[in-house]
Amino acid sequence: MSDRHRQVTVVAPGPLATVQDLGRAGYAHLGVPVSGGADRGALTLANRLVGNPESAAVIEATLGGLHIRLHGDVLMAVTGARAEVRVDGIPVGVDAALPVSDGAEVTIESPTRGCRNYVAIRGGIDVPLVLGSRSTDTLSDLGPPALRAGTELPVGQPTEDWPATSSAPRAAVDSAVTELEATEGPRRDHVQTPAHLTRGVWVVGADSNRVGVRLSRPEDSDDPLVVHRADTAELASEGIPHGAVQIPPSGRPVVFLADHPVTGGYPVVAVLTAASSDRAAQLVAGDRVRFRIR
């Protein structure tokens with residue numbers, strides 16, 4: 001099969017699968033979020049392994065269940081959550097480039113740790129650009145719709161040299177509590193005791209998604225919430241960055257991810273580092289986290 005006929009057919013998308021790149025920066029003044037891959041480190045690694053530009057579009061699979069069929073011989077890599085990947089039923093490695101033949105079927109099982117996997121194919125997923133990006137934005141409904149059974153995705157032509165390395169194994173992380181490193185936020189003075197954010201642990205809620213990770217205290221915890229001060233004026237809506245830790249009136253933090261709104265009216269008490277934002281994107285309901293202000 002010639003290169004111009006290379007494509008991916010989605011057999012089953014799992015709970016949620018979308019096309020993502022590094023997003024559409026520069027449109028916040030129009031109310032358009034950046035969006036893009038939730039775990040940017042895993043996305044760019046997948047692209048480097050197949051010799052794509054780091055910004056090339058990939059498939060982001062949430063909580064496994066993705067089943068795709070490949071048309072044409074391709075070089076593929078899967079990164080992100082710890083999950084079993086199979087090609088025609090045979091387990092293959094992750095975090096490594098893998099030649100895959102025409103007609104092969106690739107499946108990603110439910111992760112044993114983590115939330116999102118990234119499937120890069122040499123040449124990139126070549127869906128149309130919307131405001132300079134191929135990303136699906138679940139908040140603004142921009143870009144291609146979420147993938148469903150029968151979706152066909154064209155694969156572009158390679159533009160970069162053959163990759164310099166074919167594997168990039170990462171150390172396993174088995175800690176019972178994920179540490180999220182952050183810098184102090186601009187509105188720490190709008191809560192009574194900012195240090196309560198870093199006291200004890202928080203647990204990830206089932207209502208978390210690509211917009212944000214919602215946290216609460218464990219049921220057996222006596223640690224306090226982060227309470228608004230009553231003697232400060234209500235904040236006007238203002239810009240919020242990727243990785244912002246916002247405190248709504250409930251006192252339970254929200255960590256904003258890729259599809260977060262461009263503005264918000266609650267105090268931002270901390271902002272995650274880039275690496276910790278990627279770690280936050282891999283959290284699932286029930287995971288425990290601890291904040292550390294550097």
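Nothing here was measured: the structure is a model prediction, and the numbers come from that model. (Residues numbered from 1 in each chain as written. Predicted model: local features only at pLDDT ≥ 70, side-chain atom pairs only at ≥ 80, totals over all residues. Heavy atoms only, no water.)

## A few points about the overall build of the protein chain
Phase 1: From N to C terminus, the protein chain includes two helices and 20 strands.
Phase 2: Relative to the compact-globule value of 19 Å for 294 residues, the protein chain shows a C-alpha radius of gyration of 20 Å, a close match.
Phase 3: Projecting the C-alpha coordinates of the protein chain onto the three principal axes gives extents of approximately 70 × 40 × 35 Å.
Phase 4: A buried classification covers 48% of the 294 residues belonging to the protein chain.
Phase 5: Across the protein chain, contacts joining residues at least 24 apart in sequence account for 76% of those joining residues at least 6 apart. (Helix = DSSP H or I, 4+ residues; strand = E, 2+ residues; numbered from the N terminus. Rg over C-alpha atoms; globule rule 2.2 N^0.38 Å. Buried < 20%, exposed > 50% of the residue type's maximum accessible area, 1.4 Å probe, protein only. Contact = heavy atoms within 4.5 Å.)

## Here we look at the layout of surface pockets
Phase 1: Empty space within the largest pocket amounts to approximately 770 Å³.
Phase 2: Lining the largest pocket are 28 residues; nearest its centre among them are G80, R113, R170, V173 and Q282.
Phase 3: Those elements giving two or more residues to the lining of the largest pocket turn out to be helix 1 (40–49), strand 5 (74–82), strand 10 (113–121), strand 12 (177–184) and helix 2 (274–281). (1 Å grid on protein atoms, 1.4 Å probe; cavity = no way out; pocket = protein on both sides within 12 Å on 5 of 7 lines; lining within 4 Å. Points joined across faces, edges and corners; volume = space filled by probe spheres on them.)

## Remarks on the packing of aromatic side chains
Ring pairs (aromatic) are described by centroid distance and by the angle formed between their planes.
Phase 1: On inspection of all chains with the given rule, the structure shows zero aromatic pairs.
Phase 2: Here R217 stacks its cationic end above the ring of W202, 3.6 Å away from the centre of that ring. (Phe/Tyr/Trp six-rings, centres within 6.5 Å; stacked < 30°, edge-to-face > 60°. Lys NZ or Arg CZ within 6 Å of the ring centre and 35° of its normal.)

## Some points on the sheet that holds strand 11 (residues 152–154)
Phase 1: With respect to topology, six strands assemble into an open sheet ordered 7-6-9-4-1-11, the strand pairing being antiparallel. Edge strands, defined here as strands with exactly one partner in the open sheet, are strand 7 (90–92) and strand 11. For this sheet, the mean inter-axis angle between neighbouring strands, taken without regard to orientation, is 30 degrees.
Phase 2: Pairing of strand 1 (residues 7–12) with strand 4 (residues 67–71) involves five bridges; the strand directions are antiparallel. Bridging across to strand 4, V10 finds its partner in I68. (Pairing = 2+ DSSP bridges. Axes fitted to C-alpha atoms, helices over the stretch in contact; angles between N-to-C directions.)

## Some points on empty space enclosed by the protein
Phase 1: One pass over the full model with this rule turns up one cavity of 30 Å³ or more.
Phase 2: Size it by volume and the largest cavity reaches roughly 30 Å³.
Phase 3: In terms of lining residues, the largest cavity is bounded by M76, A77, V78, V85, V92, G93, A96 and L98.
Phase 4: Ranked by residue count, the leading element in the lining of the largest cavity is strand 5, at three residues.
Phase 5: Residues of the lining of the largest cavity, tallied by class, amount to seven nonpolar, one polar and no charged. (Nonpolar A, V, L, I, M, F, W, Y, C, P; charged D, E, K, R; others polar.)

## Focus on the environment of D207
Phase 1: For D207, the location among the structural elements is in the loop between strand 13 (202–204) and strand 14 (212–216).
Phase 2: A relative accessible area of 48% means that D207 is categorised as partly exposed.
Phase 3: Once the C-alpha coordinates of D207 and V8 are considered, the two residues, 199 residues apart in sequence, prove to be 31 Å apart.

## Topic: the sheet that holds strand 16 (residues 244–246)
Working definition: the strands of a sheet are paired by backbone hydrogen bonds and lie parallel or antiparallel to each other.
Phase 1: Taken in spatial order, the seven strands line up as 12-19-16-17-14-13-20 and close into a barrel, and their pairing is mixed. Between one strand axis and the next, the sheet turns by 40 degrees as a mean value, whatever way the strands run.
Phase 2: Inspection of the sheet shows strand 14 paired to strand 17 (residues 254–256) by three bridges, in the antiparallel sense. Within the sheet, the bridge partner assigned to V213 lies in strand 17 and is V255.

## A look at the pattern of salt bridges
Phase 1: For the structure on display, the rule yields 15 salt bridges.
Phase 2: A salt bridge links R48 to E54; its shortest N-O distance comes to 2.9 Å.
Phase 3: You can call R48 partly exposed: its relative accessible area is 40%.
Phase 4: Overall, the relative accessible area of 37% leaves E54 in the partly exposed class.
Phase 5: Notably, a salt bridge pairs E179 with R292, separated by 3.1 Å at the nearest N-O pair. With a gap of 113 residues between them, E179 in strand 12 and R292 in strand 20 (residues 288–293) connect regions that are remote in the sequence.
Phase 6: By relative accessible area, which is 36% here, R292 ends up partly exposed. (Salt bridge = Lys/Arg side-chain N within 4 Å of Asp/Glu carboxyl O.)

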